[in-house]
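Spelled out, the chains give:
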Amino acid sequence: MIMMNATDVRKEWSSVVDKVVRDKPQFIKRTRDRMWLSNLDIMEEILSVYQFTAEKFIEEDSSVTLSLNEIDLVENASSEREARRLMAYAIMEYASDFYKDYSYWSSAPNRRRHIPYIFKALITDDVDKLGESIICQNGKN
């Protein structure tokens, strides 16, 4: 793998950032640490394979409950559109909380699989877009 030395990156920071933004991601090595620096467009493309999916339940009162498959979140509202919006807010709040205490949550075995979804939500940073992207499947009551 082509690795840039961290010392060289520090000396040529502006040039490295220009390469990352306009050309391609860069791999950086500092002692035993290995890193990858890219722009958010590339990260968004990589994360595009991760989709939020939810089971949809129509309740007796005709309200809609969504149960997210990737992260244990549940929302209920009077319509599917509103439930999606509430779910998007819940995802964004969870992603924000996860990221604020990333070292703790990312080391928890039952939470590590959430990492790509956390970054997908943070990069999307648009509640309406996130809500519309949730793939809903009919659940069994």
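Residues numbered from 1 in each chain as written. Predicted model: local features only at pLDDT ≥ 70, side-chain atom pairs only at ≥ 80, totals over all residues. Heavy atoms only, no water.

*Asks:* If you had to explain the sheet that holds strand 6 (residues 74–77) to someone new, which residues and values would you point to?
*Replies:* Spatial strand order, 6-5-4-7: 4 strands in an open sheet with mixed pairing. A single partner strand is all that each edge strand has here, and the edge strands are strand 6 and strand 7 (135–138). In this sheet, neighbouring strand axes are inclined to one another by 30° on average, regardless of whether the strands run parallel or antiparallel. Examined bridge by bridge, strand 4 (residues 53–58) and strand 5 (residues 64–68) share 5 bridges and lie antiparallel to one another. When the sheet's bridge partners are listed, isoleucine 58 is paired in strand 5 with valine 64. (Pairing = 2+ DSSP bridges. Helix = DSSP H or I, 4+ residues; strand = E, 2+ residues; numbered from the N terminus. Axes fitted to C-alpha atoms, helices over the stretch in contact; angles between N-to-C directions.)

*Asks:* A description of a nonpolar patch on the surface should follow, citing residues and the corresponding values.
*Replies:* Among the surface-exposed residues, Phe27, Trp36, Ile42 and Ile46 lie close enough to one another that they form a single nonpolar patch of about 320 Å² accessible area. By the secondary structure assignment, tryptophan 36 is in strand 3 (residues 33–37). With relative accessibility at 34%, the residue tryptophan 36 sits in the partly exposed group. (Patch = residues over 30% accessible without salt bridge, like charges linked within 9 Å, V, L, I, M, F, W, Y side chains within 5 Å. Areas by Shrake-Rupley, 256 points an atom, 1.4 Å probe, with all protein chains shown as cover. Salt bridge = Lys/Arg side-chain N within 4 Å of Asp/Glu carboxyl O. Buried < 20%, exposed > 50% of the residue type's maximum accessible area, 1.4 Å probe, protein only.)

*Asks:* Please give an account of the packing of aromatic side chains that cites residues and values.
*Replies:* Scanning the entire structure with this criterion turns up 8 aromatic pairs. Taking the centre distance of 4.9 Å and the plane angle of 80° together, the rings of tyrosine 104 and tryptophan 105 count as edge-to-face. Overall, the relative accessible area of 27% leaves tryptophan 105 in the partly exposed class. Ring pairing ties together the aromatic residues Tyr94, Phe98, Tyr99, Tyr102 and Phe119, which thus form one cluster. (Phe/Tyr/Trp six-rings, centres within 6.5 Å; stacked < 30°, edge-to-face > 60°.)

*Asks:* Just give me the short version of the pairing of strand 6, but keep the residues and values in it.
*Replies:* With 4 bridges joining them, strand 5 and strand 6 adopt antiparallel strand pairing. The partner of valine 64 across the bridge, within strand 6, is alanine 77.

*Asks:* Provide a residue-level description of unusual backbone geometry, including the pertinent values.
*Replies:* Residues other than glycine seldom take positive phi values, yet serine 62 does so here, at roughly 75°. For serine 62, the location among the structural elements is in the loop between strand 4 and strand 5. Phi is positive for aspartate 125, which is not a glycine, with a value near 45°. One can find aspartate 125 in the loop between helix 6 (115–124) and helix 7 (127–133). Of the residues examined, aspartate 125 reaches a relative accessible area of 58% and is grouped as exposed.

None of the figures reported here should be taken as evidence of function without further support.
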